[in-house]
Each structure stands twice: as C-alpha cells, then as structure tokens.
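Survey of secondary and tertiary structure
Here are the chains, one letter per residue:
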Amino acid sequence: MRQAAIITVAALWTATYSTAAAADRVVTPSDKEDLAAIVEQAAPGDRIILRPGNYKGPVAIKKPTIVEGEPGAAILGTGNGTVVTIDAADVTLRGLEIRGSGSDLETMDSGVFATEAATGAVIENNLVAENLYGIYIHGAKDSITRANRIIGHKQGRLSEAGNGVTVWNAPGAKVLANDISYGRDGIATNASKRNVFSENRFHNLRFAIHYMYTNDSEIRGNVSIGNVVGYAIMFSNRLKIIDNVSDGDRDHGVLLNSANSSLVTGNIVRGHLQPESRWTTAGARESTEELPADDELPLSGGDVTGLRAGPEKCVFVYNANKNRIVGNEFNGCGIGIHFTAGSEGNTMSDNAFINNRNQVKYVGTRYLDWSQNGRGNYWSDNPAFDLDGDGVGDNAYRPNDLIDKVLWTSPQAKVLTTSPAVQFIRWAQAQFPALLPGGVVDRHPLMEPPAHAEVRQ
C-alpha cells in the first residue's frame, strides 16, 4: 500500500510539474536560433507560435508540443527529405504553410511525416503544397488529419507522384474535411484498420480514395470531382461506404475489387459527357477542360463529337462478396453497374439506375434476383405498369438479353443489331422469358426513384 501511495504521489507531482512548466514561445523569422533548434529545446507541453514569415526546414518534433503558425507563417524544405517530422505522441501541428520536400519515393519524402511514435497527433488547418507526399501517417495510431489543403506537384509523370494523404498501419487514424488535389491518390491506405475518411474533397487525381487491405473502416460524405476513379476499394472487408459523391470521374465512380461484407449506401455517382482528351492524354492530371454543363447522356446513339460518356462504369463489382449495395443513385454513366468474376451473396435493392447507356453488364450464367423484401430498384428505361398502385412494377425487369451478351463477347457483331434475325430473337425473348439464359432480374422494380435519389437528382 505504501509503495502504491508513493507511486501515485510521484505521478501527480510529475503531472503538476509538467503542466506548470508548459509555456508559450513566440518566434519570428529574425530570431537568431533556427526553428529546428527552438523545437528541440521546447519542453513537453510547450506551444510554439510562429509569426508570419518563412522558416527553414527540416524540423523534427520529438516531444508533446504544439507548433502553430499565424497567417503567413511557412516552413520551407530544402528539396531533400521530409520538411516536418512528428516523432512523439500528442503533437499538434496547425496553421502553417509547408513546402519543399524531396522527391524520393523510397524514402517517403513528405511535407509532414508522422511516425509510429506519433500516437494521437493532430495535423490541421495547414497548406501542404509542392511536396512528393503531402501528409504521411506511417503507423501513427489515433491521429487526426483535419481541414488541410493539400496540393501535390502539378507537373511530371503520375507514376512518380506521391499521395495527398497516405495511411499505413495506423489503426484509428482519421482523415477529415481536407481539400486534396494533384499527385497520385487523394487518400491511399494500406494494412490498416478502424479508420475514418470523412467529408474530404478530391480533384485532379488518379484515385480519390484508394483502399488496400484496410478493414473495419468508414468512408463517409466525401466528394470526388473529375478524377480517373472515385473510390477504389480493394482487398478490404467490413467497410461502411456511405453518402459519398462521384461527380464526373473518368473510369469508375466506385470500384469494389475483392471487397467483402461491406455496406454501400446513400452514394451518388453522376456521369457527364466529357472531352475525349481525358482518355487520350495522361488523364485527369493534365486535364484542364471543364465538363459540359449538360450532364444528361443520350440513352442510345446520339454521340456528340469530341465527347464521351464518363464514368465508363458507375460501379464495377469484381470478385466482391456479401455486400449490401442499397439506396444509391447511379446516373449518366456508360454502364450503370458491371458485375463480374463470381461476385456472390450481394444484396441489391432500392438503388436508382438513371440514364445509363447500359444499366447493367453481367455475363454470368446464374440467375441473380436484385430485389429484397418485395422491393427492387428503379430503372429509368423500364416501361412498366403498376395497375395496383403499390409503387412496384407488375412485371419483372431484365436489363440484359442474349443479344447483349453476344455483343459483349463479340463486339464485331454490332453490325447485325438492326437485322431482322436479331430483332426476332429479342421479340421472342420478350414473349417467352423462360427461354432467357441466366442473368440479372429485378422481380419487384420500383416505379419511381427512391426518396433519396429523387431529392438528389
């Protein structure tokens, strides 16, 4: 008991002493000591306030410290290595402009690099620009990266660019309300868990969010505008992908590749007619052309010179199993949803498929019923009747027929689509649906878009 009392008193004394010792230090660019030395000499709990002006990096923060800048304060790297390294728990870095990292991908040169020791780090309200990696969360558990503006290099090869925010093996890390542009991926995560990526905005990137081997995490309320792919979710399980927007991305709005047991709901993928140059140049990184104001695609034919439907696929589901894809809007893409590679056990209901050139592409032989508990999905090209007025079509909806599958496997057969033989086959399938091969069927198609989709059109 006596030993426990001594330990308790010592702990209280240490905490009281540390609090009392904490102090503010205001630094100006004219100070004789450089910023790295000032940070190194700070006591745990100190707050270092940088007055407007430029400060020389690199800087390493190795004690629980607050480093914050007044408007106009900038830490500038030398073009080698990382500008600011956080290597202690409970560090806050805010209100600064951070530029000038090196360009070595192997050494992970970054504007801000948070190490495994940086548990609980807070990186907020900074402008992080012209660095290889913007912010690299390298094992920093429970860290928060919030309300930063992150701008990567606008020139150079995409394969040699870094990400806006990289999260590696950082359980509990959160990336919130950042504006991220240029570089390779907006947020890239690998080998992590229990992460939250929420309310971020992405543009001029390859992937807005790129998930690899990251489980039990949440992607909510993000906006991807004009990137190559919106949300690329790969080899990850038990995710919540909720209320995100993909607006005018090029290839896919949402990509699920070996992503299992996840909830995908409330998301909007909105397609546009886009300049063909987005497919013939290096992609979104070099694209400076604005999307056309009119985002409504022709349902068939009617190609517009110099423009092309994008995304090519609102959703691409590849070897992804036991997911609930419910309550989403897929609008104006080349293909609403491409479903392939043995994806099984997925629930598809209460989605709105609107003005996609092909609503569904499925080349399997199994029958898939895309309805649940008497409710299916809304299909803008479904000429259905609802004689009993219950809001559900009286007949099942089949988005594909045998001819569609022939065209997918043998595109050269398109020259025969207007022939009498093809028209007869399609008529026969409509009259005798039992003759249809396996495929997607919605036995309870909705007559109107679900409320969420109707509001967001």
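Report on the accompanying structure. (Residues numbered from 1 in each chain as written. Predicted model: local features only at pLDDT ≥ 70, side-chain atom pairs only at ≥ 80, totals over all residues. Heavy atoms only, no water.)

What to know about the side chain of asparagine 163
- When you line up the elements, asparagine 163 lands in the loop between β15 (149-151) and β16 (165-168).
- Sequence-distant contacts of asparagine 163, defined by excluding residues within four places in its chain, comprise Leu132, Tyr133, Gly134, Arg184, Asp185, Gly186 and Ala188. (Helix = DSSP H or I, 4+ residues; strand = E, 2+ residues; numbered from the N terminus. Contact = heavy atoms within 4.5 Å.)

Quick notes on the pairing of strand β5 (residues 66-69)
- As paired strands, strand β2 (residues 47-50) and β5 are joined by four bridges and run parallel to one another. The residue bridging leucine 50 from the neighbouring strand is glycine 69, located in β5. (Pairing = 2+ DSSP bridges.)

Description of the pattern of salt bridges
- All told, the structure shown has 17 salt bridges when counted by the stated rule.
- For the salt bridge of arginine 25 with glutamate 33, the shortest nitrogen-to-oxygen distance reads 3.4 Å.
- Judged by relative accessible area, which is 33%, glutamate 33 ranks as partly exposed.
- Several salt bridges converge on common partners, so that one network encompasses Asp24, Arg47, Glu68, Arg94, Glu124 and Arg146. (Salt bridge = Lys/Arg side-chain N within 4 Å of Asp/Glu carboxyl O. Buried < 20%, exposed > 50% of the residue type's maximum accessible area, 1.4 Å probe, protein only.)

Concerning the nonpolar core
- Ranked by size, the top nonpolar core spans 72 residues in total, and within it Ile137 and Leu256 carry the most contacts.
- The residues contacting isoleucine 137, other than those within four sequence positions of it, are Ala114, Ile123, Ser143, Thr145, Val165, Thr166, Val167, Trp168, Ala170 and Ala173. (Core = buried A, V, L, I, M, F, W, Y, C linked by side-chain atoms within 4.5 Å.)

Observations concerning the pairing of strand β6 (residues 73-76)
- Where strand β3 (residues 53-56) lies against β6, four bridges are found, and the strand directions are parallel. Its bridge partner being in β6, tyrosine 55 is matched across the sheet by isoleucine 75.
- Taken together, the three bridges between β6 and strand β9 (residues 97-99) define a ladder with parallel strand orientation. Paired with alanine 74 across the strands is glutamate 97, a residue of β9.

Examining the sheet that holds strand β39 (residues 358-362)
- The sheet built from twelve strands is open, its strands ordered β4-β7-β10-β13-β16-β19-β22-β25-β28-β33-β36-β39 with parallel pairing. At either end of the open sheet lies a strand with only one pairing partner, and these are β4 (59-61) and β39. Each strand of the sheet is rotated relative to its neighbour by a mean of 10°, with strand direction disregarded. (Axes fitted to C-alpha atoms, helices over the stretch in contact; angles between N-to-C directions.)

With respect to the packing of aromatic side chains
- Counted according to the given criterion, the structure contains ten aromatic pairs.
- Centroid distance tyrosine 133 to tyrosine 136: 5.0 Å. Interplanar angle 70°. Geometry classified as edge-to-face. Assigned by exposure class, tyrosine 133 and tyrosine 136 land together as buried.
- Here a set of aromatic residues connected by ring pairs shows up, and it is made of Phe330, Phe353, Trp379 and Tyr397.
- A cation over an aromatic ring shows up here: arginine 206 above the ring of phenylalanine 207, its NZ or CZ 4.2 Å from the ring centre.
- A cation over a ring is seen here: lysine 313 above phenylalanine 316, with NZ or CZ 4.2 Å from the ring centre. (Phe/Tyr/Trp six-rings, centres within 6.5 Å; stacked < 30°, edge-to-face > 60°. Lys NZ or Arg CZ within 6 Å of the ring centre and 35° of its normal.)

Quick notes on the state of the cysteines
- Tallied over the entire structure, the rule returns one disulfide.
- Between the sulfur atoms of cysteine 314 and its disulfide partner cysteine 333 the distance amounts to 2.0 Å. When the S-S torsion is 90°, as for the bridge of cysteine 314 with cysteine 333, the disulfide is right-handed. Of this pair, cysteine 314 sits in strand β33 (residues 313-318) while cysteine 333 sits in the loop between β35 (329-331) and β36 (335-340); the two residues are 19 residues apart in sequence, bridging distant segments of the chain. Side by side, cysteine 314 and cysteine 333 carry an identical accessibility label, which is buried. (Disulfide = S-S within 2.5 Å.)

Focus on the environment of arginine 398
- Checked against the element boundaries, arginine 398 lands in the loop between β41 (378-379) and α4 (402-409).
- Once the C-alpha coordinates of arginine 398 and valine 440 are considered, the two residues, 42 residues apart in sequence, prove to be 6.3 Å apart.

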